[in-house]
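# Fold and contact review
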Amino acid sequence: MDRAKALALVKEQLTDKRYEHTVGVMETAVQLAEKYGVDSRKAELAAIFHDYAKFRSKEEMRKIIIDENMPKQLLEYHSELWHAPVGAYLVRTEAGILDEDILQAIRFHTTGNKDMNMLDKIVFLADYIEPGRKFPGVDDVRKVAFENLNEAVVMALRNTIKFLLDKKQPIYPDTLETYNTLIRCQ
Ligand code: GDP
Ligand code: FE
Ligand code: FE
Ligand code: FE
């Protein structure tokens, strides 16, 4: 699928603000893919579609998680986590993207995963550092993202985990597992 078609499909699903975020993620993901020698076409499409399910109702997402045998554990955690695996499913069934690398990058974009590959890390980080993101510490991660991909993912995860602790929110096991896996291979 070409970029214009993908962007048009995603635009229908999102608010203007979320669409702008998506364009930022797309541009950042392509830059990172070029820097690290990863397929920039896959990075571009995964980034365009990463938040495809962001505005689906909780009811619809809950039903897909159950019917499609996704980890039941998701239902015990914040519904904000659901749009990533549900998005991967809908991007396949509604947008017709069959490339498993692209679908996996979408599936892992919120929590990460202990088995994430370079493409997954690029989409995860691009989501975190795209130019529209303003939170504390993001400039440090922006700089490191173009020097050491794993280190930048660890920094992003550390910030997210700290943020969740401060908000007294539960932390999804994959988030911690990703952090633990990457910090061991530093
Ligand atoms: P967005 O869709 O572009 O806003 O970004 P993400 O998909 O990366 O994240 C959506 C939300 O999930 C953010 O508010 C994160 O703080 C939150 N989040 C990420 N990891 C976890 C986690 O392990 N547990 C919980 N409860 N929330 C998380
Ligand atoms: Fe997201
Ligand atoms: Fe993210
Ligand atoms: Fe996003």
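Residues numbered from 1 in each chain as written. Chains lettered and ligands numbered in written order. Predicted model: local features only at pLDDT ≥ 70, side-chain atom pairs only at ≥ 80, totals over all residues. Heavy atoms only, no water.

For the protein chain, an unreviewed UniProt entry supplies the name bis(5'-nucleosyl)-tetraphosphatase (symmetrical) and the organism Schinkia azotoformans LMG 9581. Its UniProt record, at the heading Catalytic activity (unreviewed entry), says of the protein chain: "P(1),P(4)-bis(5'-adenosyl) tetraphosphate + H2O = 2 ADP + 2 H(+)". (UniProt positions renumbered as here; feature names shortened; annotations may be inferred.)

## Details of the coordination of the iron ion (ligand 2)
Coordination of the iron ion (ligand 2) by the protein involves Asp51 (OD), His83 (NE2) and His109 (NE2), with metal-donor separations of 2.1 Å. In terms of primary sequence, the donors binding the iron ion (ligand 2) are separated according to D-x31-H-x25-H. If you look at the iron ion (ligand 2) and the iron ion (ligand 3), they sit 5.6 Å from each other. Here aspartate 51 is found in the loop between helix H3 (40-49) and helix H4 (58-67), whereas its partner histidine 83 is found in helix H5 (residues 83-93), with 32 residues between them in sequence. The exposure class of aspartate 51 is buried, given its relative accessible area of 2%. Taking the relative accessible area as the measure of exposure, histidine 83 reaches 4% and is therefore buried. (Donors = N, O, S within 2.8 Å, 3.2 Å for Na, K, Ca; no water. Helix = DSSP H or I, 4+ residues; strand = E, 2+ residues; numbered from the N terminus. Buried < 20%, exposed > 50% of the residue type's maximum accessible area, 1.4 Å probe, protein only.)

## A look at the coordination of the iron ion (ligand 4)
All of the protein donors around the iron ion (ligand 4) are His21 (NE2), His50 (NE2), Asp51 (OD) and Asp127 (OD); their distances to the metal are 2.2 Å. Here the donor residues for the iron ion (ligand 4) map to a single chain with the spacing H-x28-H-D-x75-D. A separation of 3.6 Å is found between the iron ion (ligand 4) and the iron ion (ligand 2), which share aspartate 51 as a coordinating residue. Linking aspartate 51 in the loop between H3 and H4 with aspartate 127 in helix H7 (residues 118-129), this pair joins segments that are 76 residues apart in sequence.

## Concerning the site of ligand 1
Taken together, 20 residues lie near ligand 1, and Arg18, Lys54, Thr110, Arg133 and Thr175 sit nearest. One nitrogen or oxygen atom from the side chain of histidine 109 is found 3.0 Å from an oxygen atom belonging to ligand 1. At 2.7 Å from an oxygen atom of ligand 1 is found a side-chain nitrogen or oxygen belonging to threonine 175. When ligand 1 sits alone it has 590 Å² of accessible area, and the protein chains cover 84% of it. For ligand 1, the cavity whose grid points lie within 2 Å of the majority of its atoms is the largest pocket. Put simply, the parts of the chain that give the shell around ligand 1 at least two residues each are helix H2 (16-36) and helix H9 (149-166). Per-element tally for the shell around ligand 1: the top contributor is H9, with three residues. Residue classes in the shell around ligand 1 are distributed as six nonpolar, eight polar and six charged. (Near = heavy atom within 4 Å. Polar contact = N/O pair within 3.5 Å; in protein donor to acceptor, adjacent residues only side chain to side chain. Areas by Shrake-Rupley, 256 points an atom, 1.4 Å probe, with all protein chains shown as cover. 1 Å grid on protein atoms, 1.4 Å probe; cavity = no way out; pocket = protein on both sides within 12 Å on 5 of 7 lines; lining within 4 Å. Sits in = over half its atoms within 2 Å of the grid points. Nonpolar A, V, L, I, M, F, W, Y, C, P; charged D, E, K, R; others polar.)

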